[in-house]
Amino acid sequence: MKKFFILIAVIALACSASAQEVKEKATQTPKSPEIAQLQLANQLAKYGYEVESPTALIEAARIMVETPTQQFDGQYTRGEGKDVAAPNGNSAITPEQLLADARKMADGDKTVLALADQVNPNTVTRGAVNGPRRGSYYIYGGTADTYVVAFKKGVLAEVAVAGAGNSDLDLYIYDENGNIITYDEDYSDDCYVSWYPRWTGNYVIRVINRGSYTNAYTIVTN
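Residues numbered from 1 in each chain as written. Predicted model: local features only at pLDDT ≥ 70, side-chain atom pairs only at ≥ 80, totals over all residues. Heavy atoms only, no water.

## A word on the packing of helix H2 (residues 33-51) against helix H3 (residues 54-66)
Then, in step 1: At a closest axis distance of 8 Å, the pairing of H2 and H3 adopts a crossing angle of 160°. Taken together, the axis directions place H2 and H3 in an arrangement best described as roughly antiparallel. As H2 runs across H3, the sense of the crossing is left-handed. Contact with H2, carried on its side by Gln37, Leu38, Leu40, Ala41, Leu44, Ala45, Tyr47, Gly48 and Tyr49, involves Ala56, Leu57, Glu59, Ala60, Ile63 and Met64 of H3 and no other residues of that element.
Then, in step 2: In the contact of H2 with H3, the residues fall into 12 nonpolar, 2 polar and 1 charged. (Axes fitted to C-alpha atoms, helices over the stretch in contact; angles between N-to-C directions. Helix = DSSP H or I, 4+ residues; strand = E, 2+ residues; numbered from the N terminus. Parallel < 35°, antiparallel > 145°, perpendicular 65-115°, else oblique. Left-handed = near helix turned anticlockwise from the far one by under 90°. Contact = heavy atoms within 4.5 Å. Nonpolar A, V, L, I, M, F, W, Y, C, P; charged D, E, K, R; others polar.)

Here it is, written out as structure tokens:
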């Protein structure tokens with residue numbers, strides 16, 4: 001079973017390699033283990049929805065549950081817009097939703113249902129007080145969500161966004177004076193940036209939905 005899940009991970013990452021190539025070249029700093037794990041879970045989830053594999057969704061949920069994170073606490077401003085559901089769009093990528101969808105896909109398969117029962121989203125591993133923070137939100141088409149998060153001078157800062165596959169999402173970071181620090185933009189909804197703040201203070205995180213459909217996404221900061 002372990003080899004099966006590893007094979008799924010390899011396939012999922014291979015499918016996303018072309019979309020991530022530009023981003024990996026732009027960001028040479030190694031990612032924190034927690035952010036890397038959550039990005040892997042998102043890719044597994046997308047693969048699971050694409051090929052209707054309940055075991056992939058279950059493994060994605062397990063990774064999310066076992067990855068130490070805190071509840072995201074950044075100041076959040078949601079962009080104003082209209083909720084337009086994407087045709088055959090994916091659900092929000094949360095452990096609860098993944099397990100619910102996996103059980104539906106299982107179609108009564110006792111083995112798969114037993115695997116789903118082994119993952120308990122209510123026992124999410126909590127990280128250190130100053131460790132990675134994670135939150136899940138919806139963003140309307142053609143709008144921008146904004147967050148204000150404090151980062152420390154000289155300490156690696158990381159932000160990752162992982163969408164549900166419904167539209168193109170872009171990620172931008174600004175300092176408190178409105179100067180752009182870094183960004184990640186291409187034609188996917190998986191984004192990652194890192195930088196070393198020149199001073200301790202608040203930074204603005206801006207997530208833009210370039211598509212016309214509502215997209216569910218997860219945002220993670222270290």
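## As for the pairing of strand S3 (residues 133-139)
Then, in step 1: Counting buried residues along S3, 5 of its 7 residues qualify, which places the element largely inside the surrounding structure.
Then, in step 2: When strand S1 (residues 70-71) meets S3, the two strands line up parallel, connected through 2 bridges. In the strand pairing of S3, Gln71 is matched with Arg134.
Then, in step 3: Note that S3 and strand S10 (residues 215-221) share 7 bridges and pair antiparallel. Looking at the pairing, Ile139 lines up with Asn215 of S10. (Buried < 20%, exposed > 50% of the residue type's maximum accessible area, 1.4 Å probe, protein only. Pairing = 2+ DSSP bridges.)

## Concerning the confidence of the model for the protein
Then, in step 1: Per-residue confidence for the protein gives a mean pLDDT of 83; residues scoring 70 or more make up 83%.
Then, in step 2: The least confident element of the protein, judged by mean pLDDT, is helix H1 (residues 2-26) at 44; the most confident is strand S6 (residues 169-174) at 97.
Then, in step 3: Every residue in residues 10-27 scores below 50 in pLDDT, and together they form 20 contacts with partners more than four places removed in sequence or on other chains. (pLDDT = per-residue confidence, 0-100.)

## Here we look at the sheet that holds strand S8 (residues 190-195)
Then, in step 1: If you trace the 5 strands from one edge of the open sheet to the other, you get S1-S3-S10-S5-S8, paired in mixed fashion. What marks the edges here is a single partner per strand, and that holds for S1 and S8.
Then, in step 2: Looking at chain direction, strand S5 (residues 157-163) and S8 are connected through 6 bridges and run antiparallel. Counted as the bridge partner of Ala157 is Trp195 from S8.

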